[in-house]
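Here is how the chains run, residue by residue.
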Amino acid sequence: SKSSGRGRYHLFSGDLHVDFQRRTNLERAMRGALSNNEFYLAYQPKVSVADQRLVGIEALLRWQSAEFGMVGPDEFIPLAEETGFIVQLGLWVMNEAFREFSEARLHFDPDLRLSINLSPRQIQHSDLENDIRDALMTYDVPGKNLELEITETFIIRDRAQCEAFMRSMSRVGVGFSLDDFGTGYSNLASLKNLPLTTLKIDKTFVSDIELDQDDRTLVNTVIQLGHNLGLIVIAEGVETSGQHSFLHQAGCDEYQGYLFSPAVRMADLIESYGKKVAH
Ligand code: C2E
Ligand code: CA
Ligand code: CA
Ligand code: CA
């Protein structure tokens, strides 16, 4: 009826108002959050599917806001991207990840990869390449230990610039993982000639593989595709042993997910998986 329609409208506009207020306040708070030390990194293990050996860690940004409590990256990263703050924040992430990684490295296999997420905006900031080279040098981390996670949006934004950046980075051994594969454009032609090293199957495809034949087919196809292109294939969001068995049988190389571990602080990572070393 008309009146219930109006009621819904009022509710909806009320929510929009609350959303807008929150966004505005978050935006403001975010700018102060860097100097207030409210950001920190958590690291999620990447393990081999076959023997659950630790092969890498992905740095994931966390914001413990004095004003809002924990704010999830799915909420504040898009905001930071829209406002351009991600350029400054992304640089902080990189330096913090390198700093913690360089201190922790002696506890782990020397081949352990550090993965860092990049936003499209960061590449338009022309210093990205130099910032990464600086960080590699400052923290004495070999290029082959670094992997940058990018999305199709990142590639499509400015193809020529992106390709040049990737080629230059890959010459010093830096790897590139295509994140969220299958969720975006999925224009296979756009992946041609890019120096990718890893294909990451998005968690939305992993979550239903026990139930949905189409998702199983899709995941199998992506694994074949990745392998045909000479890439490592990693699945994210693995939560059950059923999903793990399927991925094992499908020949997937690595996985991330709550089944093994959520993202944790570096000290916990060392505690749980690091080898004891003399100080
Ligand atoms: P992403 O890069 O696709 O990261 C995977 C997300 O899945 C992470 O969420 C991770 O905590 C979560 N996850 C891991 N295992 C499981 C699982 O078994 N089940 C489920 N349901 N989820 C799982 P998180 O940490 O909330 O990050 C969300 C997104 O925020 C990331 O998605 C990434 O796009 C962005 N993000 C996080 N940190 C950074 C950063 O430093 N820079 C940039 N540019 N983006 C970041
Ligand atoms: Ca990622
Ligand atoms: Ca993803
Ligand atoms: Ca994502």
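Residues numbered from 1 in each chain as written. Chains lettered and ligands numbered in written order. Predicted model: local features only at pLDDT ≥ 70, side-chain atom pairs only at ≥ 80, totals over all residues. Heavy atoms only, no water.

Draft legend 1. Region of interest: the overall build of the protein. For the protein, the helix and strand inventory stands at 11 helices and 9 strands. In terms of C-alpha radius of gyration, the protein reaches 20 Å, essentially the compact-globule figure of 19 Å for 279 residues. Along the first, second and third principal axes, the C-alpha atoms of the protein reach 65 × 50 × 40 Å. Looking at the protein as a whole, 44% of its 279 residues are labelled buried. Counting only contacts in the protein whose residues sit at least 6 apart along the sequence, the fraction spanning at least 24 positions is 68%. Between the averaged position of the 27 positive side-chain charges in the protein and that of its 40 negative side-chain charges there is a distance of 3 Å. (Helix = DSSP H or I, 4+ residues; strand = E, 2+ residues; numbered from the N terminus. Rg over C-alpha atoms; globule rule 2.2 N^0.38 Å. Buried < 20%, exposed > 50% of the residue type's maximum accessible area, 1.4 Å probe, protein only. Contact = heavy atoms within 4.5 Å. Lys, Arg positive; Asp, Glu negative; His and termini not counted. Charge placed at Lys NZ, Arg CZ, Asp CG, Glu CD.)

Draft legend 2. The coordination of the calcium ion (ligand 2), seen in detail. With distances of 2.2 to 2.3 Å, the protein atoms coordinating the calcium ion (ligand 2) are Glu58 (OE), Asn117 (OD1), Glu149 (OE) and Asp179 (OD). All donors of the calcium ion (ligand 2) come from a single chain, and their spacing in sequence reads E-x58-N-x31-E-x29-D. Taken as a pair, the calcium ion (ligand 2) and the calcium ion (ligand 3) show a spacing of 5.1 Å, with aspartate 179 coordinating each metal. Of this pair, asparagine 117 sits in strand S4 (residues 113–117) while aspartate 179 sits in strand S6 (residues 175–181), and the two are 62 residues apart along the sequence. Judged by its relative accessible area of 29%, asparagine 117 is partly exposed. (Donors = N, O, S within 2.8 Å, 3.2 Å for Na, K, Ca; no water.)

Draft legend 3. Molecular detail of the environment of leucine 247. Position of leucine 247 among the secondary structure elements: in helix H10 (residues 241–250). A residue is classified by how much of its surface remains accessible, and leucine 247, at 0% relative accessible area, is buried. Residues leucine 247 and valine 219 lie 28 residues apart in sequence; the distance between their C-alpha atoms is 8.4 Å. Other than its neighbours up to four places away in sequence, leucine 247 contacts Val49, Ile209, Val219, Ala235, Val238 and Cys252.

Draft legend 4. Local environment of the coordination of the calcium ion (ligand 3). In this structure, Asp179 (OD), Asp180 (OD), Asp202 (OD), Glu236 (OE) and Glu236 (OE) serve as the protein donors to the calcium ion (ligand 3), at separations of 2.1 to 3.2 Å. Around the calcium ion (ligand 3), the 6 donor atoms are arranged such that angles at the metal cover 51 to 154°; this shape is classified as irregular. When the donor residues of the calcium ion (ligand 3) are listed from N- to C-terminus, their spacing reads D-D-x21-D-x33-E. Overall, the relative accessible area of 27% leaves aspartate 180 in the partly exposed class. (Tetrahedral: all angles 85-135°; square planar, octahedral: opposite > 155°, others 65-115°.)

Geometric values such as these leave the question of function open.
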